[in-house]
Protein chains: 2
Amino acid sequence: MSVTAPQGFRAAGVVAGLKDSGARDLALVVNDGPSRAAAGVFTANRVKAAPVLWTEQVVQGGRVHAVVLNSGGANACTGAPGFQDTHATAEKVAAALGDSAGEVAVCSTGLIGVRLPMDRLLPGVDAAAAELSRGDGGLAAADAIRTTDTVAKIAFRQGEGGYRIGGMAKGAGMLAPSLATMLCVITTDADLDAAALDRALRAATGVTLDRLDSDGCMSTNDTVLLLASGATGVTPGEAEFTALLTDLCQDLTRQLLVDAEGASKAIAIEVVGAASEADAVTAGRAVARNNLLKCAIHGEDPNWGRVLSAVGTTDAVFEPDQLNVAVNGVWVCRGGAVGDDRDKVDLRPRDVTITVDLSAGPHSATVWTTDLTAAYVHENSAYST
Amino acid sequence: MSVTAPQGFRAAGVVAGLKDSGARDLALVVNDGPSRAAAGVFTANRVKAAPVLWTEQVVQGGRVHAVVLNSGGANACTGAPGFQDTHATAEKVAAALGDSAGEVAVCSTGLIGVRLPMDRLLPGVDAAAAELSRGDGGLAAADAIRTTDTVAKIAFRQGEGGYRIGGMAKGAGMLAPSLATMLCVITTDADLDAAALDRALRAATGVTLDRLDSDGCMSTNDTVLLLASGATGVTPGEAEFTALLTDLCQDLTRQLLVDAEGASKAIAIEVVGAASEADAVTAGRAVARNNLLKCAIHGEDPNWGRVLSAVGTTDAVFEPDQLNVAVNGVWVCRGGAVGDDRDKVDLRPRDVTITVDLSAGPHSATVWTTDLTAAYVHENSAYST
């Protein structure tokens, strides 16, 4: 059901020949309106790929007619020629749709520092435009943006009054892409203006995709786009829409988490008792990025000392002798020292919850990560990614 | 030659029975004077082990008579009882030396969150005091502080006028200990006061041990101590002493780097063309902590896109299209885009140099790290560390 679940959208996914594997590698999503309101959030990396630089400009106008996405090459660190390639791709889409390039967003994912084979990509755009559909197109598009993703990630939700939100994603997280990048396109047939979409998207991704941190590495290409066709004519309340969008983003986040490269555990770091939500996120990220802890969890070792070491590197408000840590519900650390018997912790399930109580206030946040495994090392050392 | 190379120092390393392996696990270093001037630098982690809290107080007095170090237990996150254990250890050393505990420093390394077996540790102190010597004692002490270190790390230097500096270390780096902790004791028979020692130690460690970052994880126990006996009566110029001390610290840093857990590559990240030294360090650390790059280097893949992605996460002064990156001397990235042929890069040697030119100023800094390997994952997941 993907991005074509809402009315007013068509999509396609085709083989342009960018991937050596011969798998689908080019996706097109078109908003047939009547509205073209759109919003986007992008990587915070200062080294931004050409398609990010282009699409940030497009989204500033508040309108997106179509999104073209390719796997098989990130078009990052490719200089002015790379930016021209992105521009040419947008022009090609615009020509196929009889429009101007200024409302065509472009996303790319794959190896950094390599030019895209435009002689294959541009014909792929025509092929995708010819195959645009509401039926299978959404699934084909979700398939075409996969890189090391073992499955396509899609989700949809139905809101009150009959509007829908649909989405597709690839990668391993907004701030922690393993094979280059997290790309996500979300569509809705609700009727909301660009400013409302922007607020809703930032609120939703801020507590979901933004808090998935598989290996602490930030991509040059991360992009999340939200397109509204307004085809139902329904204008939901902003709070209601934001809640539904957040729920959908959480669904996609979960799918990305469990499919992260080489991971054998899906770890939720729940920080509670924080003086502020920012403190909770800061502490959660520090724990999520601690290689020693990630190795320990892989070894099913409830090594809470690693959690305290990680929290201790942050500027969050806490006193070391008031920290409490639970692993899968067992409070193995109380008051900054030894708590309940660590042998009671069962770390065999794939899902692991580490709860950190900062004992400093009423705020909380959850950050998701994975364990660090030999498989992760292998995937990222055995060949260029 | 270790810590007993300078005159005025005796040392010992004994089996107290803290390690299951039956290897040496308790070291004692005694400064026989006439001076007891001393300085120390400690982990920046806010979760500090009991011996760090104790020794910070001791060093504030500017005088250290003896240092007792144990492997086999970090005495971190052990609450008030753990602090009492550290205090009791210092008292035991003081009693053996006929002194007060206020000038006895304590260092511990090993598993976090476990009390030390004081019934074995305290008799070990007596045994060490009985074995203090200038000859073999320095080597035995360096051996006793090893955890996963495959070799003892020692160094010494001779200054003009005949004074010496000697040192021993264990672990995998000030800010990046793999098995818990970096401990380092440095001795000199030069005659310098505590303030001069403090300035020299901060300057020397700031550009050496502080810039070794094997896995980005910060210990609860890191401690570097500098003790001066003044036994030669030589008072070197501060700049000369600092240079010699820096050279010795660099030697120990190198030894720690090549012995880091599970590493197959010793990687120097040289950042040049920075607007400030702080910018160079910031950019270097970001590169050193990038798991994807560390995996790529393990796979002997000159994946310079990972370098740019890492630099892009920092607030250092640079323009993305003016970044240059060389791997082992080949400028594979020029002007933020593809540079020389990456096939020219030879990554087979153990030593790897990644040069990052920020094109933003005259400053530079080097940060050292290791590759990320399946062996690292195994060492830190197969058993509790």
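Nothing here was measured: the structure is a model prediction, and the numbers come from that model.

Cut-offs and rules
Residues numbered from 1 in each chain as written. Chains lettered and ligands numbered in written order. Predicted model: local features only at pLDDT ≥ 70, side-chain atom pairs only at ≥ 80, totals over all residues. Heavy atoms only, no water. Pairing = 2+ DSSP bridges. Helix = DSSP H or I, 4+ residues; strand = E, 2+ residues; numbered from the N terminus. Axes fitted to C-alpha atoms, helices over the stretch in contact; angles between N-to-C directions. Contact = heavy atoms within 4.5 Å. UniProt positions renumbered as here; feature names shortened; annotations may be inferred. Buried < 20%, exposed > 50% of the residue type's maximum accessible area, 1.4 Å probe, protein only. Domains from an automatic or database assignment. Buried area = accessible area lost by both parts, 1.4 Å probe. Phe/Tyr/Trp six-rings, centres within 6.5 Å; stacked < 30°, edge-to-face > 60°. Lys NZ or Arg CZ within 6 Å of the ring centre and 35° of its normal. Salt bridge = Lys/Arg side-chain N within 4 Å of Asp/Glu carboxyl O. Polar contact = N/O pair within 3.5 Å; in protein donor to acceptor, adjacent residues only side chain to side chain. Nonpolar A, V, L, I, M, F, W, Y, C, P; charged D, E, K, R; others polar. 1 Å grid on protein atoms, 1.4 Å probe; cavity = no way out; pocket = protein on both sides within 12 Å on 5 of 7 lines; lining within 4 Å. Points joined across faces, edges and corners; volume = space filled by probe spheres on them. Least-squares fit on C-alpha atoms with pLDDT ≥ 70 in both.

**Some remarks on the sheet that holds strand β7 (residues 164–170) of chain A**
Residues and elements named next belong to chain A. Read from one edge to the other, the open sheet built from five strands follows the order β3-β9-β8-β7-β6, with strand pairing classed as mixed. In this open sheet, the two edge strands, each paired with only one partner strand, are β3 (38–42) and β6 (153–158). Here the average twist between neighbouring strands, direction ignored, is 10°. On top of the sheet, helix α6 (residues 238–258) reaches β6, β7, β8 (183–188) and β9 (223–228); it is set at about 160° to β6, its chief contact.

**Topic: the UniProt feature "binding site: substrate" (unreviewed entry) in chain A**
Residue and element names in this part refer to chain A. Taken from the UniProt record, the annotation "binding site: substrate" (unreviewed entry) applies to T147, K170, T181, E261, N380 and T385. Tracing the backbone through its elements, the reader meets E261 in the loop between α6 and β10 (266–274). Within the element layout of this structure, N380 appears in helix α10 (residues 374–381). Judged by relative accessible area, which is 2%, N380 ranks as buried.

**Quick word on the domain arrangement of chain A**
Residue and element names in this part refer to chain A. What the domain assignment lists for chain A is domain 1 (9–258) and domain 2 (266–381). Between the C-alpha centres of domain 1 and domain 2 there is a distance of 32 Å. Counting residues at the interface gives 17 residues for domain 1 and 18 residues for domain 2. Buried surface at the junction of domain 1 and domain 2, summed over both partners, amounts to about 1,400 Å²; 44% is from carbon and sulfur atoms.

**Comments concerning unusual backbone geometry**
Leaving glycine aside, a negative phi is the common case for residues, and trans is the common case for peptide bonds. Across the junction of A:G33 and A:P34, the peptide omega takes the value 20°, indicating a cis bond. Structurally, A:P34 can be placed in the loop between β2 (26–31) and β3. If you check the backbone angles, B:N328 has positive phi at about 45° while not being a glycine. We classify B:N328 as partly exposed; its relative accessible area is 27%.

**Some remarks on the packing of aromatic side chains**
One pass over the full model with this rule turns up four aromatic pairs over all chains. Ring plane angle 40° and centroid distance 5.9 Å describe the contact between A:Y163 and A:F241, whose orientation is recorded as tilted. Linking A:Y163 in the loop between β6 and β7 with A:F241 in helix α6, this pair joins segments that are 78 residues apart in sequence. Across the pair, A:F241 and A:Y163 agree in class, each one buried. The ring of B:F318 carries the charged tip of A:R46 above its face, separated from the ring centre by 3.9 Å.

**Examining the sheet that holds strand β12 (residues 330–334) of chain A**
Residues and elements named next belong to chain A. An order of β13-β12-β11-β14-β10-β15 is seen for the six strands of this open sheet, with the pairing classed as mixed. The sheet is open, and its two edges are formed by β13 (337–338) and β15 (363–370), each paired on a single side. Note: β10 against β15, seven bridges, orientation antiparallel. Each residue of the ladder has a partner; that of A268, found in β15, is W368. Sheet strands touched by helix α8 (residues 291–298): β10, β14 (351–357) and β15. Its angle to β14, the strand with the most contacts, is close to 135°.

**Brief notes about the interface of chain A and chain B**
In this complex, chain A contributes 53 residues to the contact, which on the side of chain B involves 54 residues. Interface area for chain A against chain B, summed over the two sides, is near 3,900 Å², with a carbon-plus-sulfur share of 58%. It is A:R46, A:N291 and A:L292 in chain A that bury the most area against chain B; as a group they hold 16% of the surface buried on that side. At the boundary of chain A and chain B, one finds zero salt bridges. Linking chain A with chain B are 11 residue pairs in polar contact (both at pLDDT 80 or more). Only α8, α9 (304–311), β13 and α10 of chain A provide two or more residues apiece to the side of chain A that touches chain B. Grouping the amino acids of the side of chain A that touches chain B by side-chain chemistry returns 25 nonpolar, 22 polar and six charged.

**Topic: the environment of A:I145**
All names here are of chain A. Relative to the assigned elements, I145 resides in the loop between α4 (137–144) and β6. Once the C-alpha coordinates of I145 and G110 are considered, the two residues, 35 residues apart in sequence, prove to be 9.8 Å apart. The contact partners of I145, leaving out residues within four places of it in the chain, are A27, L69, S71, T109, M168, A169 and K170.

**Things to note about the environment of A:I297**
Residues and elements named next belong to chain A. Mapping I297 onto the fold places it in helix α8. Linking I297 and V327, residues 30 residues apart in sequence, is a C-alpha distance of 10.0 Å. Sequence-distant contacts of I297, that is, excluding residues within four places in its chain, are made with K265, I267, L347, V352 and I354.

**Here's the deal with the layout of surface pockets**
Its boundaries defined by the atoms lining it, the largest pocket holds a volume of some 910 Å³. In this structure, the largest pocket is lined by 30 residues; those nearest its centre are A:G216, A:R289, B:G216, B:A286 and B:R289. Here the residues of the lining of the largest pocket sort into 10 nonpolar, 12 polar and eight charged.

**Remarks on the relation of the copies chain A and chain B**
Each of the two chain copies goes to the other by way of a rotation about an axis and a shift along it. Rotating chain A by 180° and translating it 0.0 Å along the rotation axis places it on chain B, where the RMSD comes to 0.0 Å. Here the copies are linked by what is in effect a two-fold axis. Using C-alpha coordinates, one finds that chain A approaches the rotation axis most closely at A:A374, a distance of 2.2 Å. Interface overlap between copies: 100% of the residues of chain A at the interface are likewise at the interface in chain B, consistent with a symmetric, same-surface contact.

**Examining the side chain of B:T253**
On the secondary structure map, B:T253 appears in helix α6 (residues 238–258). Discounting residues that sit within four places of it in the chain, B:T253 has contacts with B:T208, B:L209, B:L212 and B:W368.

**Considerations on the pattern of salt bridges**
Going through the model one piece at a time under the given rule, you end up with 44 salt bridges over all chains. For A:R199, the salt bridge is made with A:E238, and the minimal N-O distance between the two is 2.7 Å. Here A:E238 lies in helix α6 and A:R199 lies in helix α5 (residues 194–206), a separation of 39 residues in the sequence. Look at A:R199 and you get partly exposed, because its relative accessible area is 46%. Across the pair B:D259 and B:K153 runs a salt bridge, and its minimum N-O distance is 2.4 Å. Here the residue B:D259 occupies a position in the loop between α6 and β10 (266–274), and B:K153 occupies one in strand β6 (residues 153–158), the gap between them amounting to 106 residues. Members of the salt-bridge network, linked through shared partners, are A:R36, A:R63, A:D99 and A:E103.

**Here we look at helix α1 (residues 50–60) of chain A**
All names here are of chain A. What α1 keeps buried is the set A50, P51, V52, W54, T55, V58 and V59. Looking at the packing, one finds that the buried side of α1 touches β3, α2 (79–97), β5 (104–108) and β9. Following α1 by one or two positions, G62 adopts a phi angle in the positive range, close to 80°.

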